[in-house]
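# Fold and contact review
Spelled out, the chains give:
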Amino acid sequence: MPYGSLMWLDATEPLSTKPLQRLVVAQDTGSAIVGAVRADYFWGWGDEAEAQAGRTKQALRTWVLWPK
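Residues numbered from 1 in each chain as written. Predicted model: local features only at pLDDT ≥ 70, side-chain atom pairs only at ≥ 80, totals over all residues. Heavy atoms only, no water.

### Let's talk about the overall build of the protein
- For the protein, the helix and strand inventory stands at 1 helix and 3 strands.
- Sequence-ordered secondary structure for the protein, helices as α and strands as β, is β-β-α-β.
- Within the protein, counting contacts between residues at least 6 apart in sequence, those at least 24 apart form 48% of the total.
- When the accessible area of the protein is evaluated, it comes to approximately 5,600 Å², of which 57% is carbon and sulfur surface. (Helix = DSSP H or I, 4+ residues; strand = E, 2+ residues; numbered from the N terminus. Contact = heavy atoms within 4.5 Å. Areas by Shrake-Rupley, 256 points an atom, 1.4 Å probe, with all protein chains shown as cover.)

### Section: the packing of aromatic side chains
- Scanning the model with the defined rule gives 2 aromatic pairs in all.
- Seen from their ring centres, Tyr-41 and Trp-43 are 4.8 Å apart, and the 75° between their planes marks the pair as edge-to-face.
- By relative accessible area, Trp-43 is classed as partly exposed at 21%.
- With 5.1 Å between their ring centres and 80° between their planes, Phe-42 and Trp-45 make a pair best called edge-to-face.
- Note on Phe-42: relative accessible area 53%, which makes it exposed.
- Using a relative accessible area of 76% as the deciding quantity, one classes Trp-45 as exposed. (Phe/Tyr/Trp six-rings, centres within 6.5 Å; stacked < 30°, edge-to-face > 60°. Buried < 20%, exposed > 50% of the residue type's maximum accessible area, 1.4 Å probe, protein only.)

Purely spatial values, then, with no claim about function.
Here it is as structure tokens:
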């Protein structure tokens, strides 16, 4: 995915049924993203963000928003 691409993310928060639906930007590939069809969501900084990131392993759907 080219850096800077706009993408719509449709998932749930970790260990929850609470929707996680956001417009996101492809910013890097990261060392944790290995294999096809994988994504890494940045939760922020601090202990709670680190805990959320460690629990994030659920399925998701994404759409790339290309300009016309």
